[in-house]
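A closer look at the structure
Spelled out, the chains give:
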Amino acid sequence: MTTTQPAQRRPRVLSGIQPTADSFHLGNYLGALRSWVDMQDTHDAYYCVVDLHAITISHEPKVLRRRSRVAAAQLLALGLDPQRCTLFVQSQVPEHPMLSWILECHTGFGEAGRMTQFKDKSSKNERVTVGLFTYPVLQAADILLYRADAVPVGEDQRQHLELVRDLAQRFNTTYGKMFVVPEAHIVKETGTIQDLAEPSRKMSKSASGPAGIIDLLEEPNRIRKKIKSAVTDTGREITYDPENKPGISNLLTIYSTLAKVSIADLERDYDGKGYGDLKKDLAEVVADFCAPIAERTRSYLDDVAELDKILLAGAEKAQAVAGATLARVYDKIGFRTPV
């Protein structure tokens, strides 16, 4: 007599991205979103457009609603498949702020105040809210609701993930085993893509100027112009040396990842050639990569009803998991089970 072994549970992953701009940029894709697509085949993947996080700074309601759809359309255009992952908008799952409040009551004021991103963002915004201060705790709720084993994040988010781990362990110690303590999943080769105009700092919507950032939905000719105008380094030799040649090293990283060619091969191919040759070729690589993403994004946005249907189905799947987790948390805390 033979017995059938139960299927092994795939590790679960959760990550989110804010809809705070009209387009994701190349750094978003190479630093995080690329791994989201890959992990659909190896993980039980939950991905969300974190619109609750987006209101920690001033916003226009109509713009936020539009950008949330644009963000979701881009994620689908990049390769997220609703049949292989759960894609949803954060605000459609009310368990997120409900768990966040509980976790806030277990977070020290000084602990939250040490978050470097709060210090950075508060210094750049005239309107500093309590939400901006506590948003790492909401981020913890996002992750812990789904009992995620791994969280694909950029290197700049490692401190936030440590807070998530601390809160999970603290809750488990106080109330008994409840939360999975997640691990960071950081793509080492492209954990950070640098600003094209100032390669000493990260490509970022909040910090980069127009010349330093490549939007995925940008017009191809604008992309080519930005790559060709990218700041490089002294000398002519095309070698990967992030410390002494941050500009060229950044371009080589982008080229290598998008063209699926090793940096060593690129160094050999451009031996004896100049920076202009590298930038001219890379401009075509990036423009050719972004053009079909923009086209697919537009096709999703042309059918808003179908897009909203996909997101609602994802929210229902997410809420089934989040609701079960919150019910267990309520029981351990001493609350009545949520309706």
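Remember, predicted model here, so these are calculated numbers, not experimental data.

Parameters at a glance
Residues numbered from 1 in each chain as written. Predicted model: local features only at pLDDT ≥ 70, side-chain atom pairs only at ≥ 80, totals over all residues. Heavy atoms only, no water. Helix = DSSP H or I, 4+ residues; strand = E, 2+ residues; numbered from the N terminus. Buried < 20%, exposed > 50% of the residue type's maximum accessible area, 1.4 Å probe, protein only. Contact = heavy atoms within 4.5 Å. Areas by Shrake-Rupley, 256 points an atom, 1.4 Å probe, with all protein chains shown as cover. Lys, Arg positive; Asp, Glu negative; His and termini not counted. Charge placed at Lys NZ, Arg CZ, Asp CG, Glu CD. Arc of directions from axis to C-beta. Polar contact = N/O pair within 3.5 Å; in protein donor to acceptor, adjacent residues only side chain to side chain. UniProt positions renumbered as here; feature names shortened; annotations may be inferred. Salt bridge = Lys/Arg side-chain N within 4 Å of Asp/Glu carboxyl O. Axes fitted to C-alpha atoms, helices over the stretch in contact; angles between N-to-C directions. Parallel < 35°, antiparallel > 145°, perpendicular 65-115°, else oblique. Left-handed = near helix turned anticlockwise from the far one by under 90°. Phe/Tyr/Trp six-rings, centres within 6.5 Å; stacked < 30°, edge-to-face > 60°. Lys NZ or Arg CZ within 6 Å of the ring centre and 35° of its normal.

Brief notes about the overall build of the protein
In terms of regular secondary structure, the protein is built from 13 helices and five strands. Referenced to the eigenvectors of the C-alpha coordinate spread, the extents of the protein come out at roughly 70 × 60 × 45 Å. Across the 339 residues in the protein, those meeting the buried criterion constitute 49%. In the protein, once contacts between residues fewer than 6 apart in sequence are set aside, the share between residues at least 24 apart is 75%. Of the accessible surface of the protein, which amounts to about 16600 Å², a share of 51% is contributed by carbon and sulfur atoms. On the protein, the mean spot of the 43 positive side-chain charges and the mean spot of the 44 negative ones are 3 Å from each other.

Considering helix H4 (residues 95–104)
Residues spaced three or four apart along an α-helix point in a common direction, a consequence of the helix completing one turn every 3.6 residues. Looking at H4, one finds that the buried residues are Glu95, His96, Leu99, Ser100, Ile102 and Leu103. Projection of H4 onto a plane perpendicular to its axis shows the buried side chains occupying an angular sector of 160°, all on one side. Against helix H2 (51–54), strand S3 (85–89), helix H7 (130–144), helix H8 (158–175) and helix H13 (304–333) lie the buried residues of H4.

As for the pairing of S3
Most of S3 sits out of view: five of its five residues are buried. Judged by which residues are buried, S3 turns out to be covered on both faces: Cys85, Leu87 and Val89 on one side and Thr86 and Phe88 on the other are all buried.

Considering the side chain of glutamine 40
Looking at the secondary structure, you find glutamine 40 in the loop between helix H1 (26–39) and strand S2 (44–49). When its relative accessible area of 1% is taken as the criterion, glutamine 40 is described as buried. Polar side-chain contacts of glutamine 40 include one of 3.2 Å to the backbone oxygen of valine 37. In this structure the side chain of glutamine 40 is engaged in a polar contact, spanning 2.6 Å, whose partner is the backbone nitrogen of aspartate 81.

Quick look at the UniProt feature "binding site: L-tryptophan" (unreviewed entry) in the protein
What UniProt calls "binding site: L-tryptophan" (unreviewed entry) maps, in this numbering, to Asp142. Considering the arrangement of structural elements, one finds aspartate 142 in helix H7. Take aspartate 142: its relative accessible area is 4%, and that puts it in the buried class. Setting aside residues no more than four positions away along its own chain, aspartate 142 makes contact with Leu14, Val50, His53, Gln90 and His96. Looking at aspartate 142, its side chain comes within polar contact range of the side chain of histidine 96, at 2.7 Å.

Quick notes on the side chain of aspartate 233
On the secondary structure map, aspartate 233 appears in the loop between helix H9 (220–228) and helix H10 (246–259). A distance of 3.1 Å separates a polar atom in the side chain of aspartate 233 from the backbone nitrogen of glycine 247. A polar atom in the side chain of aspartate 233 sits 2.9 Å from the backbone nitrogen of isoleucine 248. The residues contacting aspartate 233, other than those within four sequence positions of it, are Asn244, Lys245, Pro246, Gly247, Ile248 and Tyr275.

A word on the pattern of salt bridges
Close approach of charged atoms allows side chains of opposite charge to pair. This model, assessed by the stated rule, comprises 15 salt bridges. Close ionic contact of aspartate 22 with arginine 67 constitutes a salt bridge, the shortest N to O distance being 3.0 Å. A residue pair is termed long-range when its members are at least 10 positions apart, and aspartate 22 in the loop between strand S1 (12–17) and H1 and arginine 67 in helix H3 (residues 61–78) qualify at 45 residues. Classification of aspartate 22 as partly exposed rests on a relative accessible area of 39%. In this structure arginine 67 comes out as partly exposed when scored by relative accessible area, which is 21%. Salt bridges sharing partners connect three or more residues here, namely Asp22, Arg66 and Arg67.

What about the packing of H4 against H13?
H13 packs onto H4 with a crossing angle of 25° between their chain directions and a minimal axis gap of 10 Å. Between H4 and H13, the angle falls in the class roughly parallel. H4 and H13 meet at a crossing whose hand is left-handed. For the pair formed by H4 and H13, the contact residues are Glu95, Met98, Leu99 and Ile102 on the first element and Gln319, Ala322, Gly323, Leu326, Val329, Tyr330 and Ile333 on the second.

Notes on the packing of aromatic side chains
The tally for this structure, following the rule as stated, stands at nine aromatic pairs. Aromatic side chains phenylalanine 109 and phenylalanine 133 sit 5.0 Å apart centroid to centroid with 40° between the ring planes, which places their arrangement in the tilted category. Taken together, the positions of phenylalanine 109 in helix H5 (residues 109–113) and phenylalanine 133 in helix H7 put the pair 24 residues apart, joining distant regions of the chain. Its relative accessible area of 15% is what places phenylalanine 133 among the buried residues. Here the aromatic cluster, defined as three or more aromatic residues joined through ring pairs, consists of Tyr46, Phe88 and Tyr146. Note that lysine 273 overlies the ring of tyrosine 270, its terminal NZ or CZ placed 5.3 Å from the centroid.

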